[in-house]
Amino acid sequence: MGGGLAAALLTGLGTSARAAVRPVKPVVLGHRGCSALRPEHTLGSYAKAIADGADFIEPDLVVTKDGVLVARHENNIAETTDVSTRKEFAARRTTKIVDGVSQYGWFTEDFTLDELRSLRAKERMTGEGLRVESHSYDGMFRILTLAEIADFLAAESAARGRVVGLIPEIKHSTYFAGIGLPMEDRFVRELSASKYLATAPVIIQSFEIANLKALRGTLGDRPNVQFMQLIDDDAQRPADVVKAGGTLTYGQMTSADGLAAIAAYADWVAPWTRQLIPLGPDGKLGEPKAMIADAHRSGLLVGCYTFRPENQYLAADFRNDAGANARNPEGSVAEIRRYLAEGLDGFFTDDPALGRRAVDEAS
């Protein structure tokens, strides 16, 4: 994202109406960096995403035992680090209920930052021929703090002469608050400590509602900050709604009235791809839903997650015969372009180079 596009994206923030201006081009959001080609949430992944044209990079944020925000997709690090090979941590394997789901593994809140730094990241997806390039980097990178990512982003922006935004997700907010490690104040302190993030575009995302409202109350007057409400399956409820005994579902949140309610505290709404264009019985894309048009009428920008370049993750329209685990760049670009035609303002992709191609070819 160049300075002009960054300015266009963020024009109007801080006003009482919070009417977000649509970007000139859809923004490419590097999902966990470039997680199709490098282990997610590592310097290698973020560097590749930026080199390949991502407008924003995404750190999912969780908390350590000593209260430091680090980048992992979830607090269970069994699949994304080499912790299972480390005998000194074997006794910390345990079962926990996180957002209503039972998980067995190792959890960031049971490790100090120094202990986590001793681990090395690895590719989470396994299978014959699946993400071979990413697996070649297993063991090379360590876990990063939010502060380190902010500094890296500043360095990359200075070196490349373009503004790159940050789109952090506050993960498991209600869960962490329940174990005495609330995230929001820590996040605000880290954001405020970065000179780069004082002006660079920042989009704060969450599947929960209360934390976005609270953060808007604290950060909503900053002209470079926006808020994104993530949407899960229609029948599910946000974790904070469940905790409070509420009945609001994501399906209700994406009705016309629900989107208008989101627009009171957020700038973006971001469902998963098949909530915008569902798959038919044949696995091909069906009829688009009205969500994008409804969201735009409410003053919201619309993103979605996540485009992946392997055949198994593509709609049947775009697959080739190379096998389920094979990369299919042309199919991925074509699928993204089909969604862009519906009016998306941004999208998460595991392979930002393909997202960049899709946007530029559609211009």
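Residues numbered from 1 in each chain as written. Predicted model: local features only at pLDDT ≥ 70, side-chain atom pairs only at ≥ 80, totals over all residues. Heavy atoms only, no water.

On a plain count of helices and strands, the chain comes out with 15 helices and 13 strands. In summary, the chain has a C-alpha radius of gyration of 19 Å against a globular reference of 21 Å for 363 residues, a match within 12%. Based on the C-alpha atoms only, the size of the chain along its principal axes is roughly 55 × 50 × 45 Å. Within the chain, the fraction of its 363 residues that count as buried is 56%. (Helix = DSSP H or I, 4+ residues; strand = E, 2+ residues; numbered from the N terminus. Rg over C-alpha atoms; globule rule 2.2 N^0.38 Å. Buried < 20%, exposed > 50% of the residue type's maximum accessible area, 1.4 Å probe, protein only.)

Take the pattern of salt bridges next. If you walk through the whole model with that rule in mind, you get 28 salt bridges. Of the charged contacts in the structure, one is a salt bridge between Asp 52 and Lys 48, with a shortest N-O distance of 3.6 Å. The exposure class assigned to Asp 52 is buried, which follows from its relative accessible area of 16%. Here Arg 274 ties to Glu 335 by a salt bridge, and the two come within 3.0 Å at their closest N and O atoms. With Arg 274 in helix α12 (residues 273-276) and Glu 335 in helix α14 (residues 329-340), this residue pair connects regions lying 61 residues apart in the sequence. Like Arg 274, the residue Glu 335 is buried in the burial classification. (Salt bridge = Lys/Arg side-chain N within 4 Å of Asp/Glu carboxyl O.)

Each pocket or cavity is described by its volume, and for the largest pocket that value is around 1,200 Å³. Contributing to the lining of the largest pocket are 50 residues, with His 73, Lys 171, His 172, Phe 207 and Asp 232 lying nearest its centre. Within the residue set of the lining of the largest pocket, elements represented by two or more residues are β5 (94-98), β6 (101-105), β8 (169-170), α6 (173-178), β9 (202-206), α9 (239-243) and α12. For the lining of the largest pocket, the per-class residue count stands at 19 nonpolar, 13 polar and 18 charged. (1 Å grid on protein atoms, 1.4 Å probe; cavity = no way out; pocket = protein on both sides within 12 Å on 5 of 7 lines; lining within 4 Å. Points joined across faces, edges and corners; volume = space filled by probe spheres on them. Nonpolar A, V, L, I, M, F, W, Y, C, P; charged D, E, K, R; others polar.)

Within the structure shown, the criterion is met by one cavity of 30 Å³ or more. Taken together, His 31, Arg 32, Ser 35, Glu 40, Glu 123, Arg 124, Met 125, Arg 131, Arg 308 and Asp 350 form the lining of the largest cavity.

Attention now moves to the nonpolar core. In this structure, Phe 187, Leu 197, Ile 204, Leu 219, Ile 262, Leu 344 and Phe 347 are the most contacted members of the largest nonpolar core, which totals 85 residues. Here the element with the most residues in this core is helix α5 (residues 146-160); it accounts for five residues. Excluding anything up to four places from it in sequence, Ile 204 contacts Pro 168, Ile 170, Phe 187, Leu 212, Leu 215, Leu 219, Val 225, Gln 226, Phe 227 and Met 228. (Core = buried A, V, L, I, M, F, W, Y, C linked by side-chain atoms within 4.5 Å. Contact = heavy atoms within 4.5 Å.)

For helix α8 (residues 210-219), the set of buried residues is Asn 211, Leu 212, Leu 215 and Leu 219. Within α8, the buried residues cover an arc of 100 degrees as seen down the axis, which keeps them to one side. Of the surrounding secondary structure, the elements contacted by the buried residues of α8 are β8, α6, α7 (184-193), β9 and β10 (225-230). (Arc of directions from axis to C-beta.)

On to unusual backbone geometry. Note the cis peptide between Tyr 305 and Thr 306, where omega equals -20 degrees. The topology assignment puts Thr 306 in the loop between β12 (301-302) and α14. Of note, Asp 99 is a non-glycine position whose phi angle comes to about 50 degrees, a positive value. As for its placement among the helices and strands, Asp 99 is situated in the loop between β5 and β6. Using a relative accessible area of 37% as the deciding quantity, one classes Asp 99 as partly exposed. Of note in the backbone geometry, His 172 takes a positive phi value of approximately 55 degrees without being a glycine. Within the secondary structure, His 172 is located in the loop between β8 and α6.

Tracing the backbone through its elements, the reader meets Glu 169 in strand β8. Excluding residues that lie within four positions of it along the chain, Glu 169 makes contacts with Glu 58, Pro 59, Asp 60, Leu 61, Gln 205, Ser 206, Phe 207 and Leu 230.

The predicted model of the chain averages 95 in pLDDT, with 95% of residues at 70 or higher. Note that pLDDT drops below 50 for residues 1-8; the model gives that stretch 16 contacts with residues more than four away or on any other chain. Confidence drops under pLDDT 50 across residues 10-17; counting only partners more than four residues distant or on other chains, this segment forms 15 contacts. (pLDDT = per-residue confidence, 0-100.)

Let's shift gears to the packing of α14 against helix α15 (residues 352-362). Where α14 contacts α15, the two axes come as close as 9 Å, and the packing angle between them is 50 degrees. Considered as vectors, α14 and α15 are oriented oblique to each other. The handedness of the crossing between α14 and α15 comes out as right-handed. Each of Pro 329, Glu 330, Ser 332, Val 333, Ile 336, Arg 337 and Leu 340 in α14 lies in contact with α15, whose residues at this interface are Leu 354, Gly 355, Arg 357, Ala 358, Val 359, Glu 361 and Ala 362. (Axes fitted to C-alpha atoms, helices over the stretch in contact; angles between N-to-C directions. Parallel < 35°, antiparallel > 145°, perpendicular 65-115°, else oblique. Left-handed = near helix turned anticlockwise from the far one by under 90°.)

Let us look at the packing of aromatic side chains. Scanning the entire structure with this criterion turns up seven aromatic pairs. Centre to centre, the rings of Tyr 175 and Phe 176 are 5.4 Å apart; their planes meet at 70 degrees, and the pair counts as edge-to-face. The two residues Tyr 175 and Phe 176 agree in class, both being buried. Residues Phe 207 and Tyr 305 carry aromatic rings whose centres are separated by 5.9 Å and whose planes lie at 90 degrees to one another, so their mutual orientation is edge-to-face. Taken together, the residues Phe 207 in the loop between β9 and α8 and Tyr 305 in the loop between β12 and α14 connect sequence positions 98 residues apart. Residue classification places Tyr 305 among the buried residues on the basis of a relative accessible area of 17%. In textbook terms, an aromatic cluster arises when at least three aromatic residues are bridged by ring pairs, as seen for Phe 207, Tyr 250 and Tyr 305. The ring of Phe 111 is capped by Arg 92, whose NZ or CZ atom sits 5.0 Å from the centre of that ring. (Phe/Tyr/Trp six-rings, centres within 6.5 Å; stacked < 30°, edge-to-face > 60°. Lys NZ or Arg CZ within 6 Å of the ring centre and 35° of its normal.)

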